[in-house]
Amino acid sequence: MSHAHTPYYLIDENKLVKNLEIIRHVREQSGAHSVLALKCFSTWCVFDLMRQYMDGTTSSSLFEARLGHEKFGKEVHAYSVVYSAEEIDAVSQFADKLIFNSVSQLKMFHDRVRGLKVGLRVNPGISYSHYDLADPARRYSRLGVCSEQELREVAGFISGMMFHFNCENDDVENLSVALEQIGARFSTILDKMDWISLGGGIFFTKDGYPLERFCAILKNFSEKYGVQLYLEPGEAAITNSTELVTTVLDVVHNEIDIAIVDASVEAHLLDHLIYRTNPRISVPAPGNNRMMIAGRSCLAGDIFGSYELETRLKVGDEVRIADSAGYTMVKKNWFNGVPMPSIVVRRLDGTVELIRSFGFEDYAGSLS
Ligand SMILES: Cc1ncc(COP(=O)(O)O)c(C=O)c1O
């Protein structure tokens, strides 16, 4: 491909492999299997590569589970906050593990899913999250079973449990303490289980993360309770692999110079608005020119952020938004009808492929 029209998400397989090698290392050293959390990243044009390093996928819905089955293969962990009866029948066709969110759903459906490995999501009442919005242990949380009594009553119906209680947790000692607490509280039930998933949110592919300590903690837990451990990395699997490549379409001035690019935070990087965070800019490099970079939608707060840049941005310049893979393409939308970024992959051998571009028909087809 000679030149792609911006905007586009550029996934770089060599950067992806950096994370995947760590995932493989953790598997080899600790025995923990990793299943990709599709809620974070489901761009299946790179699944041929990811499949070589990961054990399968985990999902949040029937469609995600089906995507995992059809496009990734290997193990399909099917979790959903709630299932309808029709969805249970459909997902049972291809799920290896069905993870219910509540005791009532387990009781409702366990007869229908005989033959599958069945698990329950448990809310251990601890969490590591900087955001109330993403805290599964927040007050009134509906995510997972809270009552040990209820759990004990149905323990005979399940072979595993899923605890998802981390969010970008890069503190291995904090994780170690949490696992000790979980072990102490659920030991008699853990002893009866074959597998335990620790969910996602552990930032073990971050530079400098103490991997050997992490592996020892995982190995110790799985040996102590005789369980196969699973990790469900989303962000950790794809972090720093992707840029959103954009072009400056206008520069306006209101106290500060504001470069408006041909993409939108609201439509293409929604989580930054939801969590009120600012993405990093990978191009231009940092410098002394202070500028705001803003999106092209009509939302007043559609702003990537204010940055100190090497160059003063002008119309036609390229701006690359760093780390744009997680919770982005899965959430992109057609707000304002602004053009949807294409999906481009730089393969391991350096060739660049335009995988998919979107046009008016896709926009119109998403409505009726
Ligand atoms: C049950 C479960 N597993 C895995 C993940 C993936 O988390 P992350 O992308 O932070 O690794 C999430 C994220 O919300 C989750 O809810």
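Residues numbered from 1 in each chain as written. Predicted model: local features only at pLDDT ≥ 70, side-chain atom pairs only at ≥ 80, totals over all residues. Heavy atoms only, no water.

Undergrad: A description of the overall build of the protein should follow, citing residues and the corresponding values.
TA: The helix and strand tally for the protein stands at 12 helices and 17 strands. A compact globule built from 368 residues should have a C-alpha radius of gyration of about 21 Å, and the protein, at 22 Å, falls within 12% of that. For the protein, the C-alpha atoms occupy an extent of roughly 65 × 45 × 45 Å along the three principal directions. In the protein, buried positions account for 53% of the 368 residues. Of all intrachain contacts in the protein linking residues separated by at least 6 positions in sequence, the fraction that spans at least 24 positions is 67%. Looking at the protein as shown, the accessible area adds up to about 16,700 Å², and 49% of this sits on carbon and sulfur atoms. Averaging the coordinates of the 37 positive side-chain charges in the protein and doing the same for the 48 negative ones gives two points 3 Å apart. (Helix = DSSP H or I, 4+ residues; strand = E, 2+ residues; numbered from the N terminus. Rg over C-alpha atoms; globule rule 2.2 N^0.38 Å. Buried < 20%, exposed > 50% of the residue type's maximum accessible area, 1.4 Å probe, protein only. Contact = heavy atoms within 4.5 Å. Areas by Shrake-Rupley, 256 points an atom, 1.4 Å probe, with all protein chains shown as cover. Lys, Arg positive; Asp, Glu negative; His and termini not counted. Charge placed at Lys NZ, Arg CZ, Asp CG, Glu CD.)

Undergrad: Quick one: what's the story with the environment of Val265, residue by residue and with numbers?
TA: The topology assignment puts Val265 in helix H10 (residues 265-268). It is 34 Å that separates the C-alpha atoms of Val265 and Pro124, two residues lying 141 residues apart in sequence. Every residue in contact with Val265, bar those within four places of it in the chain, is listed here: Leu270, His272, Leu273, Asp302, Ile303 and Phe304.

Undergrad: I'd like a rundown of the domain arrangement of the protein, residues and numbers included.
TA: What the domain assignment lists for the protein is domain 1 (14-238) and domain 2 (240-365). Residue-level contacts link 18 residues of domain 1 with 17 residues of domain 2. Remark: the boundary between domain 1 and domain 2 carries 0 salt bridges. Joining domain 1 to domain 2, the criterion identifies 5 residue pairs in polar contact (both at pLDDT 80 or more). If you list the elements that add at least two residues to the side of domain 1 that touches domain 2, you get helix H1 (13-30) and helix H9 (235-238). Among the elements that take part in the side of domain 1 that touches domain 2, H1 stands out by supplying 4 residues, more than any other. A breakdown of the residues in the side of domain 1 that touches domain 2 according to their chemical character gives 12 nonpolar, 3 polar and 3 charged. (Domains from an automatic or database assignment. Salt bridge = Lys/Arg side-chain N within 4 Å of Asp/Glu carboxyl O. Polar contact = N/O pair within 3.5 Å; in protein donor to acceptor, adjacent residues only side chain to side chain. Nonpolar A, V, L, I, M, F, W, Y, C, P; charged D, E, K, R; others polar.)

Undergrad: Help me get a handle on the sheet that holds strand S4 (residues 75-79), residues and values and all.
TA: If you trace the 8 strands once around the closed barrel, you get S2-S3-S4-S5-S6-S7-S8-S9, paired in parallel fashion. Looking at each pair of strands side by side, their axes are set apart by 25 degrees on average, direction ignored. With 3 bridges joining them, strand S8 (residues 195-197) and strand S9 (residues 228-231) adopt parallel strand pairing. The partner of Ile196 across the bridge, within S9, is Leu229. (Pairing = 2+ DSSP bridges. Axes fitted to C-alpha atoms, helices over the stretch in contact; angles between N-to-C directions.)

Undergrad: Got a sec to walk through helix H8 (residues 211-225)? Specific residues and values, please.
TA: Along its 15 residues, H8 runs 21 Å from first to last C-alpha, staying within 8% of the 21 Å computed at 1.5 Å per residue. Against H1, helix H7 (172-190), S8 and S9 lie the buried residues of H8. Positive phi shows up at Gly226, right after H8, with a value of about 60 degrees. (Expected span 1.5 Å × (residues − 1).)

Undergrad: Any details on the pairing of strand S2 (residues 33-37)? Residues and values, ideally.
TA: Where burial is concerned, most of S2 is hidden: 5 out of the 5 residues are buried. In this structure, S2 lies alongside S9, joined through 2 bridges in parallel fashion. Each residue of the ladder has a partner; that of Ser34, found in S9, is Leu231. In this sheet, strand S3 (residues 56-59) lies alongside S2 in parallel orientation, the contact comprising 3 bridges. Counted as the bridge partner of Leu36 is Thr57 from S3.

Undergrad: How would you summarise H7 if you had to cite specific residues and measurements?
TA: The end-to-end C-alpha separation of H7 is 22 Å, well short of the 27 Å expected for 19 residues at 1.5 Å each. All of the buried residues along H7 are Val172, Leu175, Ser176, Ala178, Leu179, Ile182, Gly183, Phe186, Ile189 and Leu190. Of the surrounding elements, those touching the buried residues of H7 are helix H6 (148-154), strand S7 (160-162), S8 and H8. Measuring from the side-chain oxygen of the N-cap residue of H7 to the backbone nitrogen of Glu173 gives 3.1 Å; that N-cap residue is Asp171.

Undergrad: Account for the site of the ligand, with residues named and values stated.
TA: Inspection of the region around the ligand gives Ala37, Lys39, Cys40, Met162, His164, Gly200, Gly201, Glu232, Pro233, Gly234, Glu235 and Tyr327 as its neighbouring residues. Taking Gly201, its main chain carries an N or O atom lying 2.8 Å from an oxygen atom of the ligand. Here Tyr327 contributes a side-chain N or O atom positioned 2.6 Å from an oxygen atom of the ligand. The fraction of the free accessible surface of the ligand (400 Å²) that becomes covered by protein chains is 87%. Here the residues of the shell around the ligand are counted per class, giving 5 nonpolar, 4 polar and 3 charged. (Near = heavy atom within 4 Å.)

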